[in-house]
Every structure is written in C-alpha cells, then in structure tokens.
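# Breakdown of the fold
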Amino acid sequence: LLLTIANDAMAWGGWAHNFITYTADKHLNPEVKTKVEKYLGSSMIEHCCWMDEIRRPIRRKNHPDHAKMQAYRPSLRWHHMVVDEKFRVSDKRSSKGSGDMLPNLEKCIENLRNHRNMTDSAVAINLKYVIHMMQDMHCPSHIYYTEFPDCFEPTVKGGRKRDQMTIYYEGKKTSYHAVWDGESLLVLYPEYGEDYELFRKKMDKYSAKQRAKICAGTLNDWASDAGKRCRPIYDKIQPGDHIDKKFLAGYRKISEGQAMRSAYRLAHILNETLK
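Below, the structure is looked at part by part. (Residues numbered from 1 in each chain as written. Predicted model: local features only at pLDDT ≥ 70, side-chain atom pairs only at ≥ 80, totals over all residues. Heavy atoms only, no water.)

## Examining the overall build of the protein
For clarity, the threshold we go by: For helices the rule is a DSSP run of H or I covering at least 4 residues; for strands it is a run of E covering at least 2, with both sets numbered from the N terminus onward. Values of the radius of gyration come from C-alpha atoms, whereas the globule rule sets the reference at 2.2 Å times the count of residues to the power 0.38. Only protein chains enter the area calculation, which uses a 1.4 Å probe; residues under 20% of their type maximum are buried, those over 50% are exposed, and those in between are partly exposed. When checking whether two residues touch, look at their non-hydrogen atoms; a contact exists if any pair is within 4.5 Å. The protein chains shown are the only cover counted for residues, whose accessible areas, like all others here, come from Shrake-Rupley with a 1.4 Å probe.
Along the backbone of the protein there are 13 helices and 5 strands. The globule rule puts the C-alpha radius of gyration for 275 residues at 19 Å, and the 18 Å found for the protein is close to it. For the C-alpha atoms alone, the extent of the protein along its principal axes is close to 50 × 45 × 40 Å. A buried classification covers 55% of the 275 residues belonging to the protein. Expressed as a percentage of contacts within the protein between residues at least 6 apart in sequence, the contacts between residues at least 24 apart total 70%. By element, 50% of the accessible surface of the protein is carried by carbon and sulfur atoms, the whole surface being about 12900 Å².

Written out as structure tokens, the structure is:
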C-alpha cells in the first residue's frame with residue numbers, strides 16, 4: 001500500500017507525506033491516536049495521500065470509480081493557497097482556480113471539533129482532508145504568490161505557472177513543482193534511504209517549548225508564516241535552468257523546517273479537536 005501511495009501521490013511526494021504523518025503520529029496524545037485509528041480503521045499514515053489518490057478516478061472518465069467519486073471533485077483544487085506581497089492569505093485564485101485550501105481546511109477542522117455529533121464516516125473524510133491539507137499548506141511548491149503576474153496567467157515563458165515552470169533536474173526535463181514534491185527531503189540524507197525513523201531522529205529535535213511556539217497562533221498565522229518561509233525557493237531559479245541535488249541541499253533549512261512545522265501543527269490540531 002505504501003509503495004503504491006509513493007508512486008501515485010502528488011504533493012510533497014508520497015514518501016514525504018508518509019514521513020510527515022509518521023512524525024505527527026508520534027506527537028499525538030494516546031487517547032487521540034486511538035480515536036484517529038478508530039475512525040480511519042488503521043494508522044493515519046495509510047490515509048495521508050487519499051486526497052491525491054482520488055484525483056485519478058475523478059479525472060479519468062473510463063475509471064471504474066469515476067461516477068461515485070464525483071462528490072469529491074471540488075477537493076481537486078484544495079491543494080494550494082495564494083498569499084499576497086505581505087504574505088497574507090489572499091482570496092484571489094490562481095489561473096486554474098486553485099488557491100482555496102485555507103477556507104476549506106478551516107471548515108474541515110471545525111467539523112472535527114464537532115466530531116461527536118457526526119457519523120464515523122464523516123469524521124473519517126474530514127480527518128483525511130485535514131491530514132493532507134495541513135501538509136500541503138507547508139509545502140514550498142503549493143503556495144502561489146500574487147507578486148508574480150503568472151500566478152493569474154495560464155502560461156509563462158519556458159513552462160506553465162511559476163511552480164510548474166520547466167527546468168532540468170540532474171539533466172532531466174521536469175517541472176520545478178515535481179522536484180520539490182519528490183526530492184526536497186530525500187536528497188538531504190541519502191544514507192538514510194527512505195527510513196522514516198532515521199529521518200525523524202535527525203529532524204524531530206525541537207524542544208517542547210519550541211514546538212509550543214510553532215503551534216501558537218491561528219491557521220492564518222501559520223499560512224502567512226509558511227508563505228514567508230517558502231518564498232526564497234523562487235529567488236534563484238528561472239524557466240529552463242539546470243539544477244541538481246546541491247541546489248536543493250542549499251534550501252535544507254526550508255525543507256526540514258517546513259516538514260517539522262507541518263508535523264507539529266497537524267498533531268496539535270488533532271490533539272485539540274479530538275480531545
């Protein structure tokens with residue numbers, strides 16, 4: 001199952017989603033962890049890429065699950081957010097209509113606060129949304145910036161929107177988005193392979209006081225913080241550029257920091273809403 005997820009997921013990359021969820025799981029209160037697994041039927045790691053997986057049957061009319069998955073069509077656009085030049089969450093949408101992650105994430109979190117009055121299946125769906133969107137909100141390539149005109153244009157020279165611009169990674173033609181999704185964490189410590197626990201021991205070193213500071217504030221505060229921290233990834237890149245692992249390693253602080261903020265804040269939200 002995890003191998004399938006890793007191949008098919010789209011945001012942060014399947015492995016990164018699994019790793020961040022694994023880390024968040026380590027910071028759940030025992031009673032909340034039990035609740036999460038009761039509603040989902042298993043560990044939340046096995047469901048963290050559900051929002052990416054449902055794209056396949058929705059988009060392919062010949063897929064056997066196409067008809068029954070249409071109810072989830074709006075969530076196709078719940079993978080990005082837009083921030084303005086002051087890193088405030090914007091109500092504008094990108095050229096594809098994407099960018100409404102935050103209001104829908106807020107709605108799902110509010111639903112979880114009311115979980116005792118919901119059916120188990122409804123709680124499970126909202127959990128899957130929250131687990132995934134909390135991570136996408138922190139993913140460097142899932143934030144659109146209104147300061148870039150191409151945020152609202154269908155194409156740009158050398159590729160599509162800025163996060164999707166065509167570049168060459170290790171000599172292979174790809175999109176900048178794909179590089180950040182699939183490589184940004186794994187290139188840091190190649191000697192670890194894909195071992196979640198080795199990566200966690202390396203990165204999950206924030207003190208209780210530091211974690212509390214990271215989790216202070218509102219969802220809007222976190223979104224603004226993510227926008228500000230992720231902005232530098234666009235400073236030294238242009239369509240058609242050739243980059244390599246050394247380039248990504250130069251943004252180590254962003255990759256590690258955003259992964260841990262995502263994990264801590266996800267655990268915080270679940271501990272607070274399902275207590």
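## Regarding the pattern of salt bridges
Condition: In the sections that follow, a salt bridge refers to a side-chain nitrogen of Lys or Arg positioned within 4 Å of a carboxyl oxygen of Asp or Glu.
If you walk through the whole model with that rule in mind, you get 14 salt bridges. A salt bridge links Lys33 to Asp25; its shortest N-O distance comes to 2.6 Å. You can call Lys33 partly exposed: its relative accessible area is 28%. Here Arg113 makes a salt bridge to Glu110, at a shortest N to O gap of 3.3 Å. Here Glu110 and Arg113 lie together in helix 6 (residues 101–113), a separation of 3 residues that amounts to about one turn. Accessibility expressed as a relative area gives 39% for Arg113, which makes it partly exposed. Among the charged side chains, a network of salt bridges with common partners joins Asp225, Arg229, Arg261 and Arg265.

## Here's the deal with helix 3 (residues 30–40)
Rule in force here: Starting at the helix axis, one direction is taken to each C-beta atom, and the arc is that of these directions.
Buried residues of helix 3: Val32, Val36, Tyr39 and Leu40, and no others. Buried residues of helix 3, viewed axially, fall in a sector of 90 degrees; they line one side. Turned more than 90 degrees off the buried face of helix 3, the exposed positions are Pro30, Thr34 and Lys38. The first or second residue beyond helix 3 is Gly41, which carries a positive phi of 85 degrees.

## A closer look at the packing of aromatic side chains
To be explicit about the condition: For Phe, Tyr and Trp, rings pair up if their centres lie within 6.5 Å, where Trp contributes its six-membered ring, and each pair is then called stacked (planes under 30 degrees apart), edge-to-face (over 60) or tilted (otherwise). A positively charged side chain is recorded as over a ring if its NZ (Lys) or CZ (Arg) lies within 6 Å of the ring centre. The angle to the ring normal must also be within 35 degrees.
Under the defined criterion, the tally for this structure stands at 21 aromatic pairs. Considering the side-chain rings of Phe87 and Tyr145, the 6.5 Å spacing of their centres and the 90 degrees angle between planes classify their relative orientation as edge-to-face. Taken together, the residues span a long stretch of sequence, with Phe87 in the loop between strand 1 (81–83) and helix 6 and Tyr145 in strand 2 (residues 143–145) at a distance of 58 residues. By the ring-pair criterion, three or more aromatic residues cluster together here, those being Phe87, Tyr145, Phe148, Tyr176, Trp180, Tyr234, Phe247 and Tyr251. Positioned over the ring face of Tyr39 is Lys38, at 4.3 Å from the centre of the ring. The aromatic ring of Tyr264 is capped on one face by Arg211, whose charged end is 6.0 Å from the ring centroid.

## Quick word on the pairing of strand 4 (residues 172–175)
Stated formally: Strands were regarded as paired on the criterion that DSSP finds at least two bridges between them.
In the sheet, strand 3 (residues 166–169) pairs with strand 4 via 4 bridges, with the strands oriented antiparallel. Among the inter-strand pairings, Tyr168 is bridged to a residue of strand 4, identified as Lys173. A loop of 2 residues connects strand 3 with strand 4, the two strands running antiparallel in sequence, and Glu170 in this loop sits at a positive phi of about 50 degrees.

## Concerning the sheet that holds strand 3
Spatial strand order, 4-3-5: 3 strands in an open sheet with mixed pairing. A single partner strand is all that each edge strand has here, and the edge strands are strand 4 and strand 5 (242–243).

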